[in-house]
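# Structure at a glance
In case you want the letters, here they are:
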Amino acid sequence: MAAAGAMACTNFIVGKKASTDGSVFVTYNADSYGAFMPLYHYPAATHQPGEMRKVYEWDTNKYLGEIAEAPQTYNVIGNANEWQVTIGETTFGGREEMADSTGVIDYGSLIYIALQRSKTAREALRVMTSLVEQYGYCSEGETFSVADKDEAWMLEMMGCGPDRTKSKERTVWVAIRIPDDAIAAHANQSRITKFLDGRYTRVKMTDLFGKKYALTAKKPITNLMVCSDNVVSYARTMGWFEGKDADFSYNGAYAAPDFSGRRYCEARVWSFFNRFADDFSAYVPYAAGKDADAKEMPLWIIPNKKVSLQDLRDAMRDHYEGTPFALDSDIGGGIYQMPYRPSPLSYKIDGQEYFNERPISTQQTAWSFISQMRSFMPREVGGCFWFGNDDGNMVAYTPMYASITRRPKCFSGEGADDVTFSMDNAFWVCNWVSNMVYPRYSQMFPSLQEVRDSLDASYSQLQPEIEAKALALPTAEERINYLTSYSCQKGDEMIERWRQLAFFLIVKYNDMVVRPTDKEGRFERNKFGGGARVVRPGFPEAYAKDLIKQTGDKFVVPTKK
């Protein structure tokens, strides 16, 4: 039932007591098969009574209808807003008959509308669920990460089909609060199973905003769960569930994981959890997808160490290295052992279907982010949106503070689209570089990695100094202006450094040779002023051995007699 779909994504969630510095983190990669996407910006605004908002489907730009505009909307940068609310998503599809073709709001529009209307994660949950109930939800099944500076939630939502005689409600949904000391993940497979079995405290949406469940309470109740009233009854009506409510599983009824849902999707979750568990091998059979009775993975785990920003950068760049799903043990990566595989995910040879692994880091990622939310800072400083306009493995995560009022030109989409290249656009310059590197990965990637890691390190080193300067400013407006200038400066510097990298790569590795450079990265010259003699590295040894195995003595050089 899991859908690979047009949007095939991954989210990681880190609670504030699970991170090294008390940050709440949400990560996201948008694996959209070449779709051109800028860094979104919705400025704060006020709206007149009766003003309507036109809704266009995020994936296709198809007009869906209108909804009433909110009196006030907040500043949004990417998938985070000025109040440090972040929303990510992954599509899991589920039962096709549940899609509501009459709905006015799709999953993408829902994210950005909610960000513009919410000061907290709980408020975002209320906005999202009430909007789709009022206007209808026209997308397939979706898992959302909904977080703020204090807490993180996982929300799963599906429509109830276009036939109103089968359900008065228009959606079935459930949201579970992720424990503060835990990490969670989702990657295009519904992950919420049983939630009425006593593990969670079920509350009504309105109760979330009362004193009893407030995070400021003396002993706050944090194992919270909210769900639609029909979440079980709808499954019963449709004949998809019988039994006690306590035995009801959300994905069991609406989006049960099959082989693709586990191997293509849950394996990504497994790889993330595996980084922060002493031994996660018990769940390899489940992630592998071939054992129907394998032990099911948990929704979240308590990590064996505190998770840092750098840990999340590394996790977003994962290719299953050192695991049973590693991509370096066969010839699928070509001569230069790239840890990527061409799409589609499955293919047929002589009538037999085969599949490719789907690691977290994949070439079709259009953009990727790590959103950092901090309760111990003023909101205009606390929200830092680390953004990359390509595969997370192939870019540096550039700091874009969630309060900024303008974007760097390179992230704006100005002068470019999905079929118009621009040297001033990060999507195209970063893709230009990565597409040079992909097919000659082992040869060229170290040069990209050096630049990427140096930028990441410089941003991390600067972060305390920049934020201290911002905090020293007397007003929020001055802080926002300062961080806007800093973010735009870093975007401008990033794309200039990436253009330099592109020029360097084409010169250094032209025609599959390697031009020597000195310690400063300058190309060496001979005593006559021309380029120094090139190095001809030939096949990597591992590939050469595989080639000889396949060809036998075909390419053996005869011994001289």
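Before reading further, recall that the structure is shown in the block above.
Residues numbered from 1 in each chain as written. Predicted model: local features only at pLDDT ≥ 70, side-chain atom pairs only at ≥ 80, totals over all residues. Heavy atoms only, no water.

### Considerations on helix α1 (residues 107-117)
The criterion, for reference: Remark: exposure states derive from per-residue accessible area (1.4 Å probe, protein chains only) relative to the maximum for the residue type, with buried under 20%, exposed over 50%, and partly exposed in between. In this description a helix means any DSSP run of H or I spanning at least four residues, a strand means any run of E spanning at least two, and both kinds are numbered starting from the N terminus. Polar contact is defined as a pair of N or O atoms within 3.5 Å, subject to the rule that within protein one atom must be able to donate a hydrogen and the other to accept it, and that residues adjacent in sequence are counted only when both atoms are side-chain atoms.
Among the 11 residues of α1, 11 are classified as buried, and the element is accordingly described as predominantly covered. The complete set of buried residues in α1 reads Y107, G108, S109, L110, I111, Y112, I113, A114, L115, Q116 and R117. The backbone nitrogen of G108 has a side-chain oxygen 3.2 Å away, supplied by the residue at the start of α1, namely D106.

### Observations concerning unusual backbone geometry
Omega for the bond connecting S343 with P344 falls within 30 degrees of zero, at 10 degrees, which places this linkage in the cis form. Within the secondary structure layout, P344 lies in the loop between α7 (309-316) and β18 (346-349). Within the chain, N188 stands out as a residue other than glycine whose phi angle is a positive 80 degrees. When its relative accessible area of 0% is taken as the criterion, N188 is described as buried.

### Description of the pairing of strand β16 (residues 224-227)
Across a regular strand the side chains alternate sides, sitting on one face of the sheet and then on the other. Short version of the rule: When DSSP finds two or more bridges between a pair of strands, those strands are recorded as paired.
Here β16 shows two buried faces, one formed by L224 and V226 and the other by M225 and C227. Two elements, strand β13 (residues 171-178) and β16, share 3 bridges in a ladder whose sense is antiparallel. For V174, the partnering residue across the bridge sits in β16 and is C227. Sheet topology places strand β15 (residues 201-202) next to β16; 2 bridges connect them, and they run parallel. By the bridge assignment for β16, T201 is matched with L224.

### A closer look at empty space enclosed by the protein
Quick note on the threshold: A pocket here means an open set of points on a 1 Å grid, computed over the protein atoms alone, that has protein on both sides within 12 Å along at least five of seven lines. A cavity is instead a set of points where a 1.4 Å probe fits but cannot get out; residues with an atom within 4 Å of a point line either one. Grid points are joined across faces, edges and corners, and a volume is the space filled by probe spheres set on the points. Each residue receives one of three labels: charged for Asp, Glu, Lys and Arg, nonpolar for Ala, Val, Leu, Ile, Met, Phe, Trp, Tyr, Cys and Pro, and polar for the others, Gly being one of them.
This structure, assessed with the given rule, holds 2 cavities of 30 Å³ or more. If you add up the space inside the largest cavity, you get close to 90 Å³. Around the largest cavity, the lining is made up of 14 residues, and of these R341, L345, E357, T362 and Q364 lie nearest the centre. Split by residue class, the lining of the largest cavity holds 5 nonpolar, 6 polar and 3 charged. What the second largest cavity holds in volume is close to 40 Å³. Lining the second largest cavity we find S190, R191, T193, N251, E266, Y286, E296 and M297. Per-class residue counts for the lining of the second largest cavity are 2 nonpolar, 3 polar and 3 charged.

### Some details on the packing of aromatic side chains
What counts is decided by this rule: Stacked, tilted and edge-to-face are the three classes applied to pairs of Phe, Tyr and Trp rings, where Trp contributes its six-membered ring and a pair requires centres within 6.5 Å; stacked means planes under 30 degrees apart, edge-to-face means over 60, and tilted covers the rest. A ring is considered to have a charge above it if a Lys NZ or an Arg CZ atom is located within 6 Å of its centre and within 35 degrees of its normal.
Tallied over the full model, the rule gives 45 aromatic pairs. Consider the rings of Y42 and Y112, whose centres lie 5.7 Å apart with planes at 35 degrees: the pair is tilted. Remark: Y112 occurs in helix α1 and Y42 occurs in strand β3 (residues 41-42); sequence separation between them is 70 residues. An aromatic cluster of three or more residues is present, and its members are Y28, Y40, Y42, W58, Y107, Y112, W367, F369, F385, F387 and F411. The positively charged end of R95 is found above the aromatic ring belonging to W240, 4.1 Å away from the centroid. One cation-aromatic arrangement involves R126 over F209; the distance from NZ or CZ to the ring centre is 4.0 Å.

### Describing the sheet that holds strand β1 (residues 8-14)
This is how it is decided: Whether two residues are in contact is decided by their heavy atoms: any pair within 4.5 Å suffices. Axis geometry follows a simple rule: fit a line to the C-alpha atoms, using only the stretch in contact for helices, then measure angles between N-to-C directions, giving values from 0 to 180 degrees.
An order of β17-β14-β1-β2-β20-β21-β22 is seen for the 7 strands of this open sheet, with the pairing classed as antiparallel. The outermost strands of the open sheet, each flanked by one partner alone, are β17 (300-301) and β22 (398-401). When β1 meets strand β2 (residues 24-31), the two strands line up antiparallel, connected through 7 bridges. For V14, the partnering residue across the bridge sits in β2 and is F25. Sitting on the sheet, helix α5 (residues 259-275) touches β1, β2, β14 (183-186) and β17, and the angle it makes with β14 is about 160 degrees. Here α7 sits on the sheet and contacts β1, β2, β20 (365-373) and β21 (384-388); the angle it forms with β2, its principal contact strand, is near 20 degrees.

### As for the packing of helix α10 (residues 426-437) against helix α11 (residues 441-472)
A packed helix pair is summarised by two numbers, namely the angle formed by the two axes and the spacing between the axes. Packing of α10 against α11 leaves a shortest axis separation of 8 Å and a crossing angle of 145 degrees. Contacts between α10 and α11 involve V433, M436 and V437 from the former and Y441, M444, F445 and L448 from the latter. Across the contact of α10 with α11, the residue classes tally to 7 nonpolar, no polar and no charged.

### Some details on the nonpolar core
Applied cut-off: Remark: nonpolar core denotes a set of buried residues (Ala, Val, Leu, Ile, Met, Phe, Trp, Tyr, Cys) joined through side-chain atoms within 4.5 Å.
Counting 165 residues, the largest nonpolar core has F144, F195, Y254 and W367 as its most contacted members. For this core, the leading source of residues is α11, giving 9 residues. Apart from the residues within four sequence positions on either side, W367 is in contact with Y28, N29, A30, M37, Y40, W58, N79, Y112, F387, G388, N389 and D390.

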